[in-house]
Amino acid sequence: MTNSRSRRLTGASVLALAVLAGPAATAVLADAAPTPSVQGALDDLVSKDGFPAALAAVQGSGGRTSDYVAGVADLEARTAVLADGYVRIGSNTKTFTAVTLLQLVGEGKVKLDGPVETYLPGLLRGKGVDGRRITVRQVLQHTSGLPEYTDFLAKGALPYQHAYFQPRDLLDMALKKKAQFKPGKKWMYTNTNYLVAGLIIERVTKRPAIEEITERTIKRIGLEETYFPNVGDERVRTPHAKGYHRDDPKKPMTDVTVFEPSQAWTAGQMISTPSDLNRFFTALLDGKLLKPKQLKQMRTTVKVPELGPGGEYGLGLSGVKLTCGGTAWGHGGAIPGYYTANAATDDGRAAAIAVTHLPTTLPARANVEKALDTALCAKS
């Protein structure tokens, strides 16, 4: 189903691949013919790839938004999916975190190329890990070499559905392992980087990162359907389609809509709607959240072949090559129950696709990304 309206401008192995995941792999976009329509793409995600539900908000360059849905909101009740419902947005949270930290850079409170040690003295120490040799920029760009903490989820997320974690507990998990590489030598998407970013925000502002991201970024541009769940808040606001998960692809899906998201914190804890994601990324590209210098730094990228031909990653922002030409900027994210692919263009187009189960195969993941390409390349 589709609804148009006018709005102002913007299994276990899979967990190891995608949980709290960031920029979508774009290799599938460059050589694949787009699905004929956004609705057709969503219908295929449900009927062919097995996602319980799929939602999309597609914004044209003139600001008009169309909503699309497919599937069911509840597998047992077989209720209809309501357009533009709330979803967990996983690693799209990283862009909000990066924006907030870059605002502090613009205010002269943080030096982008200064060492993390300045703000978190003595914290980053381990096998090959030294905060005196890791810069804030490297943390935001995933070139720090910090070890990954999410490995504990590789065998399954369900045992941790209601487990609460302090950010420092998660960081301690990472620091028990050796560094992945020397700072600045490689790129490796690592959620630990954004735990560190959140801790820097807290140390510099002397306020909880949740509050700073909310006040500085979410409220600044009036995002009324975006929020950072506070401690103990395991629910998703209504309306929403239920999120489902399987640790074992041979077993039935488990409803994980009620889920403790602290395992993600400033790397992936937030909740939003497809249309609000569009508004956020459009506002970001329009310069409404950062000073020109910091926005330019955010969009200064390193080449990332892992994301496909032309793949690039800036500071909490990735470039997506479109089959219709040009680049769209976004992030994307995954967390048990929900997977999002989203991006915006400099001319005001934006699209966000959300499904209510992590992709269980690489082709299924690719098809979500192709649906995003279809939406961004559709005539508005």
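A quick note: this is a predicted structure, and the numbers were derived from the prediction, not measured.

Chemist: Before we move on, could you go through the pairing of strand β3 (residues 64-74) and cite the residues and values that matter?
Modeler: Among the eleven residues in β3, nine count as buried, and that is most of the element. Between strand β2 (residues 53-59) and the antiparallel strand that follows it, β3, lie four residues; G63 among them carries a positive phi value of about 100°. Looking at chain direction, β3 and strand β4 (residues 79-80) are connected through two bridges and run antiparallel. By the bridge assignment, V72 is partnered in β4 with A80. In this structure, the hairpin formed by β3 and β4 is closed by a connection of four residues, where R78 is found at a positive phi of approximately 55°.

Chemist: Please provide a residue-by-residue account of the state of the cysteines, values included.
Modeler: The final tally for this structure, using the stated rule, is one disulfide. Put simply, C324 and C377 are joined by a disulfide, and their sulfur atoms are 2.1 Å apart. Because the torsion about its S-S bond is -80°, the bridge between C324 and C377 counts as left-handed. Taken together, the residues C324 in the loop between β13 (318-321) and β14 (327-330) and C377 in helix α11 (residues 362-377) connect sequence positions 53 residues apart. Residue C377 is classed as partly exposed on the basis of its relative accessible area, which comes to 23%.

Chemist: How would you sum up the layout of surface pockets? Please name residues and give values.
Modeler: Over the atoms rolls a probe the size of a water molecule, and its path tells where empty space is left. Space inside the second largest pocket adds up to approximately 240 Å³. Lining the second largest pocket are 19 residues, with Y164, I210, N230, V231 and W265 sitting closest to its centre. Sorting elements by how many residues they give to the lining of the second largest pocket places helix α8 (residues 209-218) first, with three residues.

Chemist: Tell me about the nonpolar core, and name the residues and values.
Modeler: In this structure, L101, L124, L140, V196, I200, L284 and M298 are the most contacted members of the largest nonpolar core, which totals 70 residues. For V196, the residues in contact, after removing those within four places along its chain, are V116, L120, L124, V139, L146 and L171. Of all hydrophobic cores here, the second largest spans 27 residues; its members include A54, V320, L322 and A343.

Chemist: I'd like to hear about the packing of helix α4 (residues 92-106) against helix α9 (residues 274-285), residue by residue, with values.
Modeler: Running from N to C, α4 and α9 cross one another at 35°; their axes reach a closest spacing of 12 Å. Read as a crossing pair, α4 and α9 show a hand that is left-handed. In contact with N92, T95, F96 and V99 of α4, α9 contributes L277, F280, F281 and L284. Within the contact of α4 with α9, the residues separate by chemical class into six nonpolar, two polar and no charged.

What counts and how
Residues numbered from 1 in each chain as written. Predicted model: local features only at pLDDT ≥ 70, side-chain atom pairs only at ≥ 80, totals over all residues. Heavy atoms only, no water. Buried < 20%, exposed > 50% of the residue type's maximum accessible area, 1.4 Å probe, protein only. Helix = DSSP H or I, 4+ residues; strand = E, 2+ residues; numbered from the N terminus. Pairing = 2+ DSSP bridges. Disulfide = S-S within 2.5 Å. 1 Å grid on protein atoms, 1.4 Å probe; cavity = no way out; pocket = protein on both sides within 12 Å on 5 of 7 lines; lining within 4 Å. Points joined across faces, edges and corners; volume = space filled by probe spheres on them. Core = buried A, V, L, I, M, F, W, Y, C linked by side-chain atoms within 4.5 Å. Contact = heavy atoms within 4.5 Å. Axes fitted to C-alpha atoms, helices over the stretch in contact; angles between N-to-C directions. Left-handed = near helix turned anticlockwise from the far one by under 90°. Nonpolar A, V, L, I, M, F, W, Y, C, P; charged D, E, K, R; others polar.

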